[in-house]
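If you want the building blocks of each chain, they are given just below.
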Amino acid sequence: MTAPTKAGKRIGILTSGGDCAGLNAVIRAVVHRATGYGWQVLGIKEGTQGLLQRPVQYQTLDLGSVDGHMMRQGGTILGTTNRGDPFAYPMPDGTLKDRSDEIIGGYRELGLDALIGIGGDGSFAILHKLAQKGGFPMVGVPKTIDNDLGKTEVSVGYDTAVAVAVEALDRLQPTAASHHRVMVLEVMGRDAGHIALAAGIAGGADVILIPEIPYSIESIAAKIQNVRDSGRNFALVVVSEAVKTLEGTGVKKILQGGEKRYGGIGDYIGEKIADATGAETRVTVLGHVQRGSMPSPRDRLIASAFGVHAVDLIAEGRFNRMVAWSNRGVIDVPITEAIEHYSCVELDGALVKTARGLNISFGD
Ligand SMILES: Nc1ncnc2c1ncn2[C@@H]1O[C@H](COP(=O)(O)OP(=O)(O)OP(=O)(O)O)[C@@H](O)[C@H]1O
Ligand SMILES: O=P(O)(O)OC[C@H]1O[C@](O)(CO)[C@@H](O)[C@@H]1O
Ligand SMILES: [Mg+2]
C-alpha cells in the first residue's frame, strides 16, 4: 500500500495495550479536529504491530469513516496489541530481538508529521522510547480500564468498566439474597484496585479487597458475621485480580506463548471464606466483559475532549505530552511524568474514606 499524497500535515494514530470502551470516540474526535485543520489522518493497525509489517498496515481516516455509530462502539476499529514489545520482540526461535528500527522505519514510510498514541502506562513507555530513538513527535491519550496512569484523574475506559462491575453486583445481590450466599466478584485491575474500590462502593459490597491493603481471612469472616448478626442473610465481596494470596503471591494463569495474566484470586478467597464462615459461597470472574461494553456517556465525553486536545497539541508544536483530566477540564503533562507516577489507590483518598464510612471492610 502506498501512503496517500500529502496536503497539510499528516498525522498517525494508533491504539495500544488492552482495548477498552471509548477508544473509537477518541479516534473520531481526532479525525474531526484534524480534518478541521485540513490535515490527513492515517490509522495504524494493531498498535506497533502495524508499523512492523511491510507493507505498513494502516487505513486513511476521514469524516466519512468515523461518523455514524462509531462513537457508540466498544473496542477499537484499528485493533490493538499488548504483546510484542519492539525492544524485546519474541521471535519464533524463542529469542528476544530489538526490532525498534523497523517500527521507526514504518513510521517514516508513512511520511507522518506526528503520532498520537492512545495507550496505558506500558504502551506509553514503549511509544515514548520509540519516539525518542526515532526523533519523531508524539502525543499520548490515556486509556485503560485500570485507571492506573499517573498525572490524570481519569483514563478513557475506566468509567465504563466500573459501570459493568456495578451492574454485575446489582445482578448478584438478588441471587445472593435468595440463596443466603456469599457472592465473590473478581474484577480486573493490573495492578491497582481502582475498579474494585469504585464498583464495591457503588454496588453495595460488604467487603472490598484491593492489592493496596493487606487483608486477613479472620477480618473478612468477622465482617460476614457482623452482617449475619444484623439480620442479613447474604454478603457481597469484591476482589481485585491483583490481590495476593496470604503467602504474598499473585494468582496468574499461563496462556499461549507463556504470557501470564491475573486470574483466580476470587476462587482462592471464596474457598477461604467458605472454610472460615461455613457460608455457601459462589465466585464470579467478570473478566473481559469489563472492557467490551458500549462506552458510558462520561467515557465518550472524556474521549472526545482528549482527542480534540491531542490534535491541538500537535498544532501548537507541543510534543512528548499526554493529555489529562484535571479539575473538571483537559490539561496536558509531560508524558514521562505520567509513565513515572504509577497511580494506585491512595489509602488516605476520598474513596477509601467513603468505604470505611459505609462500614465496608477492606479485610484489614
Ligand atoms: N507492542 C506493544 N505495545 C504495547 N504494549 C505492549 C507491547 N508489547 C508488550 N506490551 C505490554 O503490554 C502492556 C500494555 O499495557 P498498557 O499499560 O499500555 O495498556 P493497558 O490499558 O494497561 O492495557 P493492558 O495492560 O491490558 O495491555 C504492558 O505491560 C506492555 O509492556
Ligand atoms: O487482555 P489480556 O491480555 O487478557 O489482559 C488483561 C489485562 O488487561 C487489563 O484489562 C487492562 O490493563 C487488565 O485489567 C487485565 O489484567
Ligand atoms: Mg497498564
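The rules behind each value
- Residues numbered from 1 in each chain as written.
- Chains lettered and ligands numbered in written order.
- Predicted model: local features only at pLDDT ≥ 70, side-chain atom pairs only at ≥ 80, totals over all residues.
- Heavy atoms only, no water.
- UniProt positions renumbered as here; feature names shortened; annotations may be inferred.
- Near = heavy atom within 4 Å.
- Polar contact = N/O pair within 3.5 Å; in protein donor to acceptor, adjacent residues only side chain to side chain.
- Areas by Shrake-Rupley, 256 points an atom, 1.4 Å probe, with all protein chains shown as cover.
- Helix = DSSP H or I, 4+ residues; strand = E, 2+ residues; numbered from the N terminus.
- Expected span 1.5 Å × (residues − 1).
- Buried < 20%, exposed > 50% of the residue type's maximum accessible area, 1.4 Å probe, protein only.
- Contact = heavy atoms within 4.5 Å.
- Pairing = 2+ DSSP bridges.
- Axes fitted to C-alpha atoms, helices over the stretch in contact; angles between N-to-C directions.
- Core = buried A, V, L, I, M, F, W, Y, C linked by side-chain atoms within 4.5 Å.
- Salt bridge = Lys/Arg side-chain N within 4 Å of Asp/Glu carboxyl O.
- Right-handed = clockwise from strand over helix to strand, strands pointing away.

As recorded by an unreviewed UniProt entry, the protein carries the name ATP-dependent 6-phosphofructokinase and is attributed to Azospirillum endophyticum. Looking at the Pathway (unreviewed entry) heading of the UniProt record, one finds this comment for the protein: "Carbohydrate degradation; glycolysis; D-glyceraldehyde 3-phosphate and glycerone phosphate from D-glucose: step 3/4."

Visitor: Just give me the short version of the site of ligand 1, but keep the residues and values in it.
Guide: Taken together, 20 residues form the shell around ligand 1, and within it Gly18, Asp121, Ser123, Lys143 and Arg190 come nearest. A distance of 2.8 Å is found between a nitrogen atom of ligand 1 and a side-chain nitrogen or oxygen belonging to threonine 48. Contact distances for ligand 1 include 3.4 Å between a nitrogen atom and a backbone N or O atom of arginine 83. For ligand 1, whose accessible area on its own is 590 Å², the fraction buried by protein is 83%. The element best represented in the shell around ligand 1 is helix α5 (residues 121-134), accounting for four residues.

Visitor: Report on helix α8 (residues 217-229), specifying residues and quantitative values.
Guide: In a regular helix each residue adds 1.5 Å, so 13 residues correspond to 18 Å; α8 covers 18 Å between its end C-alpha atoms and thus fits that length. Ile217, Ser219, Ile220, Ala221, Lys223, Ile224 and Val227 are the residues of α8 that are buried. Each element contacted by the buried residues of α8 is listed here: β8 (182-187), β9 (207-209), β10 (235-240) and α9 (265-277). Two residues or fewer past α8, glycine 231 is found with a positive phi of approximately 100°.

Visitor: Go over the sheet that holds strand β1 (residues 10-15) with me, naming the residues and quoting the values.
Guide: Across the sheet, which stays open at both edges, the seven strands sit in the order β3-β2-β1-β6-β7-β14-β15 with mixed pairing between neighbours. Looking at the sheet topology across the chains shown, the edges are occupied by β3 (58-61) and β15 (329-334). Here the average twist between neighbouring strands, direction ignored, is 30°. Bridge count between strand β14 (residues 321-326) and β15: six bridges; the pairing is antiparallel. Within β15, the residue paired with methionine 322 across the bridge is valine 333. Where helix α1 (residues 23-36) meets the sheet, its contacts fall on β1, β2 (40-44), β3, β6 (114-119) and β7 (138-142), and the angle it forms with β1 comes to roughly 175°. Its contacts with the sheet place α5 against β1, β6, β7 and β14, and it is angled at close to 175° to β7.

Visitor: Please set out the nonpolar core residue by residue, giving values where relevant.
Guide: If you look at the biggest cluster of nonpolar residues, it comprises 66 residues, and the most contacted ones within it are Ile11, Ile13 and Ile116. With 10 residues, helix α6 (residues 158-179) is the largest single contributor of residues to this core. What isoleucine 11 contacts, discounting residues up to four positions off in sequence, is Val30, Ala34, Trp39, Gln40, Val41, Leu42, Leu112, Ala114, Ile116, Val311 and Ile314.

Visitor: I'd like to hear about the pattern of salt bridges, residue by residue, with values.
Guide: The full count for this structure, using the stated rule, is 16 salt bridges. The salt bridge partner of aspartate 67 is arginine 28, with a shortest N-O separation of 3.5 Å. Placement of aspartate 67 in the loop between α3 (63-66) and β4 (89-90) and of arginine 28 in helix α1 is noted, with a sequence separation of 39 residues between them. Between arginine 321 and aspartate 332 there is a salt bridge whose closest N-O contact spans 2.5 Å. In this pair, arginine 321 is assigned in strand β14 and aspartate 332 in strand β15, connecting sequence segments 11 residues apart. The exposure class assigned to aspartate 332 is buried, which follows from its relative accessible area of 13%. Salt bridges sharing common partners tie together Glu316, Arg318, Arg321 and Asp332.

Visitor: How would you summarise the pairing of β8 if you had to cite specific residues and measurements?
Guide: Most of β8 sits inside the fold, with six of its six residues counted as buried. Alternating positions in β8 separate into two faces, Val182, Val184 and Glu186 on one and Met183, Leu185 and Val187 on the other, with burial throughout. As paired strands, β8 and β10 are joined by six bridges and run parallel to one another. From the neighbouring strand, valine 184 faces β10, where its bridge partner is valine 237. Relative to strand β13 (residues 281-285), β8 runs parallel, the two sharing five bridges. Bridging from a neighbouring strand, valine 184 pairs with valine 283 of β13.

Visitor: So what's going on with the sheet that holds β8? Residues and values would help.
Guide: Taking strand neighbours across the sheet as the criterion, the four strands line up as β9-β10-β8-β13 in an open arrangement whose pairing is parallel. Each having just a single partner strand, β9 and β13 make up the two edges of the open sheet. Neighbour-to-neighbour, the strand axes of the sheet open up by a mean angle of 15°, direction not taken into account. On top of the sheet, helix α7 (residues 194-202) reaches β8, β9 and β10; it is set at about 170° to β9, its chief contact.

Visitor: Can you tell me about the pairing of β2, naming the residues and giving the values?
Guide: Counting buried positions over the five residues of β2 gives five, a clear majority of the element. Burial of the side chains of β2 extends over both faces: Gln40, Leu42 and Ile44 are buried on one face and Val41 and Gly43 on the other. Pairing between β1 and β2: four bridges, direction parallel. Across the sheet, the residue bridging to isoleucine 11 is valine 41, located in β2. For the handedness criterion, the β-α-β arrangement of β1, α1 and β2 is classed as right-handed. Judged from the four bridges that link them, β2 and β3 form a sheet pairing that is antiparallel.

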